[in-house]
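Take a look at the letters that make up each chain.
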Amino acid sequence: MVRALSVTVLLLLVIAPLTLAVPALWPTELLNQPFERWPDLPWNSVVQAFLLTLFTGLLVAGLSLTAAQKLNLNTRGQSRGVAGLSVVLSTPHVAFAVGLMFLFSPSGYLVRLLEAVTGWLPSPPTGWPLPEKSLVTLTLVLVLKEVPFLLLMAATQLRQLPYQRWLRQSQSLGWSKSRGWWLLVVPALLPRIKLPLAAIVIYTLSVVDIPLLLGPNTPGVLAQEVFKQHYQWGREGAAQLGVGLLLLLALVFLLINHGAVRGYVKLAAYWRSRALKDSWAGVSLLSAILPGVILLSALVLLALLINSLAGAWFYPQLAPADWSPQRWQTEWPYLAPLLWNSLWLALASALLGVLAAVAVLERQRRRKLTELQWLPLLLLLIPQLVLVLGWQKIFGQGSQGPVLLWSHTVFCFPYAYLVLHGAWVNFNEHWLYQAQSLGYSYRQAWWRILLPMLSGPLWIAFAVAFSVSIAQYLPTIWLAGGTLPTLTTEAVSIASGGDWRLASVYALMQALLPLIVFTLLIRQSLHVKN
C-alpha cells in the first residue's frame, strides 16, 4: 500500500510534469541555429544571469552556515531563532521586494531619515547604491529571502548529527567553537544540504517575478528575457533559444554546486591535518544575520501597511501628511476574488503536497533510507520557467481548476518533502514496537503514535507549502492566462507598472495570508512539542 502510494505520487508529481515539459526541455532551435547566428543570442543576459546566480549562491551558503553556527551553538538560541524564521519564510518574495523599495529606494524611508538627521539630501539622491531597478537590488532581495530557507534546511539536518559532541571534543583539543564548526560540522553538514542549496541556485537562475520588479530592464537577466519572448515561440523560436541557454546554465551550476561541496570537504580535511594557529573567531557582526533579517521582514510588513494607508507623502517628510483607507475601499471589490482564488489554491495544494510528501517519506523510512533523495526534488533542479513553458504548450492558456491545482501541488510537494524529511525518516521505531506490544496493530500504532508525535513538523511543512503556493507566479499567469488571477499576479502587474502605492495593498494581503497561517501553525507545532 505504501509503495503503491509512493510510486503514484512520484508518477503524478515528478515523472508526469517532467514528461509534459519535454517540448520545452528539448532545445531544437538552439541546436539547429547556424554558427554565424550565435553572436545574436542574448549573451549579455547570459553573463548577468551567470554572475548573479554564482554570487547569490555563494553568499547565501556562507551567510546561512555562519548564521547556523550562531544559532545552533546554544539550544535556547536555536528554538527562538527557528520560531522567528516564520516571519521571514511567510513573506513572499514579491511582497518583500515591494516593501523593501519603500524602505531603501532613493526616496524611501531610510533616505528620508538620513535627510532628517543630517540635512545632506534635500532631494532624492541620483547615485544611491540601491536604485529601484538594478542588479544590486535584485541580488539583495534574493539573498535576504533565501538565507532563512537554507538555514531552516540546515537546522533540520543538524538534528541528525551529533555535532554538539563533536564541538566538545574539538574544544578538548584546544580548538575554538568556530574552528570546530567550520572544520568538523560544516564538512558533514554540506553534503546533506547540497540538494536544497542546488534548488536555491536554480531558483535564482530562473526566477521571473522579482527581476520584473527590481531587475535591470536593458538587458534583463536571462529568465526575464525568455519570459518577454515566450509569445514568439512558434514564430522565431526566441523563447526556445532562451530555454536552451537556461538549461545549459542550470547544468553548469549543478556541476559547480556539486564540485564546491566536495572541494570544501576535502579542503577541511586538509586543514584539520595541519597544525594551524587557531584564528577562527567568528565576526560579531555576523551573529546578527538572522535577527537582522527577521527585523527587516517585520519592517517590510510595516512599510507595506503604512504606504497602503498613506495619503499625500512628499519627500523628505518622515510621515504622510494625511491618512486614508481610500485605496482599500476602492480596491476591495477587486481584491476579494483574488483573495479567495489565492486562499483555496494554497490550502488545497499545500494539503496535497504534504500528503504526497508523507507517502514518499513513509516508504523511505520503512526502507531505512535517511538521506535526502534526489527524485522528489528533481523539479526544483530544473528552471521553473522551462517546465511551465512545456506545460503551456500541452494545456494551453485558460487552464483552471484541476490543471492549475496540479501545477501548484507539483511545486509544493518538494518543499514539504524537504521540511518533513529529517523528522520523518529519523522517527524512533521503538515507539511503534511498544504500541504493538500493548495490542495495537502496526496501522493503529502509526495513526495513534507516529502521526501525533510528528504533528509539529507536519504543521510546519503545511505552512511552508502554503507560502510556496501563494508565491507562485509563472504557473498561474501562464496556465490560467488571466482567467484565474491571484494576489501574486496582480501585485506583480501593478508594481511592474510603477504604481508602488497601490501595489502595497496587494502585496500586504499577499504577505498576510501566509503570515497568519505560519503564526497559527508554528504556535500549534510548538504547543505539540512542549
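Structure shown above.
Only a predicted model underlies this, so the values are computations on that prediction, with no experimental measurement involved. (Residues numbered from 1 in each chain as written. Predicted model: local features only at pLDDT ≥ 70, side-chain atom pairs only at ≥ 80, totals over all residues. Heavy atoms only, no water.)

## Regarding the environment of alanine 495
- Mapped onto the secondary structure, alanine 495 falls in helix α23 (residues 487-496).
- Here alanine 495 falls in the buried class, since its relative accessible area comes to 4%.
- C-alpha of alanine 495 to C-alpha of alanine 97: the two residues are 398 residues apart in sequence and 9.8 Å apart in space. (Helix = DSSP H or I, 4+ residues; strand = E, 2+ residues; numbered from the N terminus. Buried < 20%, exposed > 50% of the residue type's maximum accessible area, 1.4 Å probe, protein only.)

## Some thoughts on the pattern of salt bridges
- According to the stated counting rule, one finds three salt bridges in the structure shown.
- With its nearest N and O atoms 2.4 Å apart, the salt bridge here joins glutamate 429 to arginine 365. Taken together, the residues span a long stretch of sequence, with glutamate 429 in the loop between α18 (402-425) and α19 (430-437) and arginine 365 in helix α16 (residues 326-366) at a distance of 64 residues. Accessibility assignment for this pair places glutamate 429 and arginine 365 in one class, buried.
- Via salt bridges that share partners, Glu362, Arg365, Arg366 and Glu429 belong to a single interconnected network. (Salt bridge = Lys/Arg side-chain N within 4 Å of Asp/Glu carboxyl O.)

## Here we look at helix α6 (residues 93-104)
- The terminal C-alpha atoms of α6, which comprises 12 residues, lie 16 Å apart, in line with the 16 Å expected from a rise of 1.5 Å per residue.
- The element α6 is largely enclosed, with a buried count of 11 among its 12 residues.
- Looking at α6, one finds that the buried residues are His93, Val94, Ala95, Phe96, Ala97, Val98, Gly99, Leu100, Met101, Phe102 and Leu103. (Expected span 1.5 Å × (residues − 1).)

## Section: unusual backbone geometry
- With an omega of 5 degrees, the peptide bond running from tyrosine 315 to proline 316 counts as cis.
- Among the structural elements, proline 316 can be located in the loop between α15 (289-309) and α16.
- One non-glycine residue, lysine 368, lies in the positive phi region at around 60 degrees.
- Locating lysine 368 in the fold gives a position in the loop between α16 and α17 (384-395).

## Things to note about the side chain of serine 6
- Following the sequence through the fold, serine 6 ends up in helix α1 (residues 2-20).
- With near-sequence residues (within four places) excluded, serine 6 lies in contact with Ala359, Val360 and Arg363. (Contact = heavy atoms within 4.5 Å.)

## Quick notes on the packing of α17 against α18
- At a minimum axis distance of 13 Å, the contact between α17 and α18 shows a crossing angle of 160 degrees. When the axis of α17 is compared with that of α18, the two are roughly antiparallel. Taken as a pair, α17 and α18 cross one another with a handedness that is right-handed. Counted together, Gln384, Leu387, Trp391 and Phe395 of α17 and Val403, Trp406, Ser407, Val410 and Phe411 of α18 form the full contact between these two elements.
- Its residues assigned to classes, the contact of α17 with α18 shows seven nonpolar, two polar and no charged. (Axes fitted to C-alpha atoms, helices over the stretch in contact; angles between N-to-C directions. Parallel < 35°, antiparallel > 145°, perpendicular 65-115°, else oblique. Left-handed = near helix turned anticlockwise from the far one by under 90°. Nonpolar A, V, L, I, M, F, W, Y, C, P; charged D, E, K, R; others polar.)

So yeah, pure geometry; function would need other evidence.
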